[in-house]
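Take a look at the letters that make up each chain.
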Amino acid sequence: MNSNESFYSLKAFADRLHFPYGFARSGQFSKKQATLIEQHGEAYKNLASGQQAPNTPEEQEFVRLCHGLKDAETEHEKVWAFYLQFTGRKVRYVSIGAGFQIPSFENDSTETVHD
């Protein structure tokens, strides 16, 4: 896979609790940021939660961000970090055994919108 295939999702991402009129109309995101989060937010959420395995180096770096191992550098990382900061959501890791953790979101109130 090349980097054009990173963060691919068939579903549009929406957070009706925090952004009832959408990301673009919220006044919190630039047009470009709103487009990124709407088009790729479902993949961001799935990568961050462990429901989706990273398939590209860009996605692997994104997962490192979600684990707190690096600062946001790319546009994808920055928009997801801003979204989490704005909504007050945090990624929490639950230990299941010796060294194995499953990430889950606190206050996960997002929903998926089908195109």
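For every chain, the first residue of the written sequence is number 1, and numbering continues from 1 along that sequence. Under the rules for a predicted model, residues below a pLDDT of 70 receive no local features and side-chain atom pairs below 80 are neither given nor counted, while totals for whole chains, interfaces and linings still include all residues. In computing side-chain values, all of the structure's heavy atoms are included and hydrogens and water are not.

J.: Help me understand the overall build of the chain, please; the structure alone is not making it clear to me.
T.: Helix and strand assignments come from DSSP, with helices taken as H or I runs of at least 4 residues and strands as E runs of at least 2, each series counted from the N terminus. Tallying secondary structure elements over the chain gives 3 helices and 4 strands in all. Listed N to C, the secondary structure of the chain is β-α-α-α-β-β-β in terms of helices and strands. For the chain, with 115 residues in total, the buried portion stands at 37%. In the chain, 57% of the contacts between residues at least 6 apart in sequence involve partners at least 24 apart. On the chain, roughly 6900 Å² of surface is accessible, and the fraction owed to carbon and sulfur atoms is 49%. Working definition: with a 1.4 Å probe on protein chains only, accessible area under 20% of the residue-type maximum means buried, over 50% means exposed, and in between means partly exposed. The contact criterion used is simple: two residues touch if any of their non-hydrogen atoms lie within 4.5 Å. Areas reported here follow the Shrake-Rupley algorithm with a probe of radius 1.4 Å; residue values treat only the protein chains shown as occluding.

J.: Just checking my understanding: could you explain helix H1 (residues 31-49) for this structure?
T.: Along an α-helix, residues three or four positions apart point the same way, because every turn accommodates 3.6 residues. The span one expects for a helix is its residue count, reduced by one, times 1.5 Å. When the terminal C-alpha atoms of H1 are compared, their 26 Å separation across 19 residues agrees well with the 27 Å that a helix rising 1.5 Å per residue should span. The angle between axes fitted to the seven-residue stretch ending at a residue and the seven-residue stretch beginning at it gives the bend at that residue. His-40 marks where H1 bends most, by close to 65 degrees.

J.: Sorry, what's going on with the confidence of the model for the chain here?
T.: One rule of thumb: low pLDDT means the predicted coordinates there are not for detailed reading. Every residue gets a pLDDT, meaning the predictor's confidence in that residue, from 0 to 100. For the chain, the average pLDDT comes to 82, and 73% of its residues sit at 70 or higher. Counting interchain partners and residues more than four positions distant, the pLDDT-below-50 stretch residues 92-109 has 38 contacts.

J.: Help me understand the nonpolar core in this model?
T.: The nonpolar side chains of a soluble globular protein tend to be buried, and buried together. In this structure, Phe-23, Phe-29, Ile-37, Tyr-44, Phe-62, Trp-80 and Tyr-83 are the most contacted members of the largest nonpolar core, which totals 20 residues. Contributions of two or more residues to this core are made by H1, helix H2 (57-66) and helix H3 (75-87). In terms of residues, this core owes the most to one element, H1, which gives 7 residues. Sequence-distant contacts of Phe-29, that is, excluding residues within four places in its chain, are made with Phe-19, Phe-23, Ala-34, Val-79, Phe-82 and Tyr-83. As used in this record, nonpolar core signifies buried Ala, Val, Leu, Ile, Met, Phe, Trp, Tyr and Cys residues forming a set joined through side-chain atoms within 4.5 Å.

J.: Please clarify how the packing of H1 against H3 should be interpreted in this entry.
T.: Helix-helix packing is characterised by the crossing angle of the two axes and by the distance between the axes. Axis lines are fitted to C-alpha atoms, over the contacting stretch for helices. Their N-to-C directions set the angle, which ranges from 0 to 180 degrees. The geometry of H1 relative to H3 is characterised by a closest axis approach of 9 Å and an angle of 85 degrees between their N-to-C directions. With respect to H3, the element H1 is oriented roughly perpendicular. Residues Lys-32, Gln-33, Leu-36, Ile-37, His-40, Gly-41, Tyr-44, Lys-45 and Ala-48 of H1 touch H3, and the partners they reach there are Glu-75, His-76, Val-79, Trp-80 and Tyr-83. A class-by-class count of the residues in the contact of H1 with H3 yields 7 nonpolar, 4 polar and 3 charged. Should an angle fall under 35 degrees it is called roughly parallel, over 145 degrees roughly antiparallel, and 65 to 115 degrees roughly perpendicular, with every other angle called oblique. Side-chain classes follow a simple rule in which Ala, Val, Leu, Ile, Met, Phe, Trp, Tyr, Cys and Pro form the nonpolar group, Asp, Glu, Lys and Arg form the charged group, and the remainder, Gly included, forms the polar group.

J.: Just checking my understanding: could you explain the side chain of His-76 for this structure?
T.: Within the element layout of this structure, His-76 appears in helix H3. With sequence-adjacent residues up to four places away left out, His-76 is seen in contact with Phe-7, Leu-36, His-40, Tyr-44, Glu-58 and Phe-62.

J.: Even after reading the chapter, I still don't get the environment of Arg-64, so can you show me in this structure?
T.: With respect to the element layout, Arg-64 can be found in helix H2. The sequence separation of Arg-64 and Ala-48 amounts to 16 residues, and the corresponding C-alpha distance is 9.1 Å. Beyond its immediate sequence surroundings of up to four residues, Arg-64 is in contact with Leu-69 and Lys-70.

J.: So what exactly am I meant to see when it comes to the side chain of Glu-59 here?
T.: By the element assignment, Glu-59 lies in helix H2. Under this definition, polar contacts are N or O atom pairs within 3.5 Å; protein pairs additionally need one hydrogen-donor-capable and one acceptor-capable atom, and for neighbouring residues in sequence, both atoms have to be side-chain atoms. Within the structure, Glu-59 has its side chain in polar contact with the backbone nitrogen of Asn-55 (distance 2.6 Å). Leaving out residues up to four positions away in the same chain, Glu-59 has contacts with Glu-5, Ser-6, Phe-7, Tyr-8, Leu-47, Gln-52, Ala-53 and Pro-54.

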